[in-house]
Amino acid sequence: MCCEIKRRFLLLYATQKGQAKAIAEEICTQADAHGFEADIHCISESDKYNLATEKDPLVIVISTTGTGDPPDTACKFVKEIKNKTLLPDHFAYLRYGLLGLGDSEYMFFCNGGKVVDKRLQELGAQHFYETGLADDCVGLEIVVEPWIDGLWLALRREFTSWNIKEDMSSNLRAVSNGVSAMTVVPSMSGICSLDSEIQHLKLEDLEVKATDALSQKPANVHSVVSVQDTEASLDRSVPPLSQSALNIPALPSEYIDVQFQDSTGQELSVSSLISDGIVFHVPVTKAVQLTREDAVKTALLLELDISKTTFCYQPGDAFCVICPNNPKEVQELLHILGLSERKECVVCLKIKQATKKKGAAPEHIPKGSTVEFILTWCLEIRAVPKKAFLRALVEYTSDAREKRRLQELCSKQGASDYSSFIRDPSICLLDLLHAFPTCRPPLNLLIEHLPKLQARSYSASSSNLFQPGKLQFVFNVVEFPSSPSRLVSRKGVCTGWLAELVAPMLQPHKKEEKLSAVKVSIFARPINTFHLPSDPSVPFMMVGPGTGVSPFIGFLQHRQKLQEEHTDWKFGETWLFFGCRHQDRDYLFRDELRSFVENGTLTHLKVCFSRDPPAAAEKKPTKYVQDNIRLCAKEVARVLLKERGCFYVCGDAKHMAKDVNDTLVDILSSDAGVDKLEAMKTLATLRQEKRYLQDVWA
């Protein structure tokens, strides 16, 4: 391929929280150096590209959201390609490569990418490059980096094969026209050589490699790090790494100029952070701690007053809370970076003229933002630094030893140390600045490398029919303990902020005092299917240990009100499988659940306590919700298969949701007398029919 002529390929990304976009932008940045031109677009921008007429190779980077759904930005695209009227050769001319992003802690790993990949092939499209499936559980970079490295060879091979076909077609035309052409037909050895290289780089087992990496992860940081000089740590390496030659990433080009202007005295509203959707600023009218002080986790219930807004929701809906970074961490960051005296200055951002980065403008930073506003509301300062960021930080570190260690952490040779001391313990920028005291990055570097601060999603745990004008939700206050790499313990960004916000409302001696109302900013999530059956006669089962019970309280409130208002309706039976650690410490909504049973709203309540000793009368002690589900196997099979009921699961994706799924497979397999593969297909059908629904999180 002539290096002066850049060969174009279409690059589409579908992102939910920005990961897929960032990776696509990295591909776009590298493309130029490899002699290609990436025409990059969000997959939702269908007015800027046309697959129906696309002749160049297509590269897709797509994430997964929810319990295996394509991201919101890809919903329209997926709906269009799933059109059943499309013929099997609709995309027969299309050659593509796809990189899917997911998390193996969720049951439907990389399903967003798998859905698109499968459908494109059903419509006749063919791979020019093997599909990569990257796992955020073990580190996306384990698959992403080699996949991008192999992409350039695959593209060269693709364009070379096109050139050969074009040359051969030209020769055939010349011969047919009686022309004695002296054109030399390219030797097939070149393409064969490329073929063998591609085979060597084939990435078909990337998903397996990522899984293997999980089992081969270095020991937990607590056991790896010690004060001895013979042990590695975040800021110190040992042989052989400390003596190795390093392959480090190319230095990312800086593309933003920052200028500071005097403060205007005007405060920006957090509404300016959300471009799509209406933001509602609503007061918190109630805060209750649902767990005892000695419980392992602290669960809080907050009630919001939405009576003076147009915010609408159904039981089971999720909504988003706009939260700031921890103010103490922001002030500490301002101090370390030498920006304390400029924190009220307005930041003027300009894209450098020489930059080739597409989509370089940071749209998540509103015009007129101050330094403090950007660090408080716009940037995820808790984000785990990527290797490209570490590489950029090297240039702003003055100590030679610190420089070397940062280089090691972003190098191929230091991949294990990066996992052990940065990714696994969730180290953030502040931790790095403490570990490398001579590192002083400028503000533009933070804007270029830190992702957007995302709003946090919560499930409604109330019914607007039962409590008009009220919206309740429940959460555990997330705790990140201190470690050798993290000097101080921290709370979750949003849960910690909410807990501090409502702390005065939780103090008994202040119950009688008139407290000034605190407000939070929320907006609706546009897509959700975790709803009650539209037909009230349909039976349903709910599985919600811990705070996973939250949306089901809304379900039951709604059902109770419907039963009170429509005494002539037929209502199906309801089941709830609930579990927690200790009956007397963290049995959430105990009184409410008993009341639902007494008034007939909840037909069956099955509870278990994983850390309490089993009762003497128990013949088959149950520790976890799946144990109770197994004991009710016949009823589960009846509700799902004979009565076409619904099954809801809410809570932890890593263990509980997988265990419940496996239990259902066993039950369906046993009841129908089929093997587990057939039972899994049955469960997949239930999911497609929206009768097996999950609201889970890692």
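These figures come from a predicted structure and were not determined experimentally.

Participant: Got a minute to help me understand the pattern of salt bridges in this structure?
Facilitator: Side chains that carry opposite charge are capable of pairing whenever their charged atoms lie near each other. Using the criterion set out here, one finds 31 salt bridges in the structure. In this structure, Lys412 engages Asp149 in a salt bridge whose closest nitrogen and oxygen atoms are separated by 3.8 Å. With a gap of 263 residues between them, Lys412 in the loop between α11 (400–410) and α12 (415–423) and Asp149 in helix α4 (residues 141–176) connect regions that are remote in the sequence. Lys412 sits in the exposed class, given a relative accessible area of 57%. What makes Asp149 partly exposed here is its relative accessible area of 42%. Glu678 is the salt-bridge partner of Lys681, the closest N and O atoms lying 3.6 Å from each other.

Participant: When you look at the side chain of Ser521 in this model, what are you seeing that I'm missing?
Facilitator: Relative to the elements of secondary structure, Ser521 occurs in strand β16 (residues 519–524). Given the relative accessible area of 9%, Ser521 is considered buried. In this structure, Ser521 is in contact with Val270, Val279, Phe280, His281, Cys320, Val321 and Ile322, ignoring residues within four places of it in sequence.

Participant: Whenever I open this one, the environment of Leu446 confuses me. Can you help?
Facilitator: Mapping Leu446 onto the fold places it in helix α14 (residues 443–449). The spatial distance from the C-alpha of Leu446 to the C-alpha of Ile381 is 8.5 Å, given a sequence separation of 65 residues. The residues touching Leu446, leaving out its near neighbours within four places in the chain, are Leu333, Leu337, Leu375, Leu379, Phe389, Leu429 and Pro441.

Participant: Help me out: how do you make sense of the packing of aromatic side chains in this one?
Facilitator: Two aromatic rings are characterised by how far apart their centres lie and by the angle between their planes. With the rule as written, the count across this model stands at 26 aromatic pairs. Ring geometry for Phe540 and Phe555: centres 6.4 Å apart, planes at 85°, overall edge-to-face. Placement of Phe540 in strand β17 (residues 540–543) and of Phe555 in helix α17 (residues 550–565) is noted, with a sequence separation of 15 residues between them. Take Phe540: its relative accessible area is 0%, and that puts it in the buried class.

Procedures and definitions
Residues numbered from 1 in each chain as written. Predicted model: local features only at pLDDT ≥ 70, side-chain atom pairs only at ≥ 80, totals over all residues. Heavy atoms only, no water. Salt bridge = Lys/Arg side-chain N within 4 Å of Asp/Glu carboxyl O. Helix = DSSP H or I, 4+ residues; strand = E, 2+ residues; numbered from the N terminus. Buried < 20%, exposed > 50% of the residue type's maximum accessible area, 1.4 Å probe, protein only. Contact = heavy atoms within 4.5 Å. Phe/Tyr/Trp six-rings, centres within 6.5 Å; stacked < 30°, edge-to-face > 60°.

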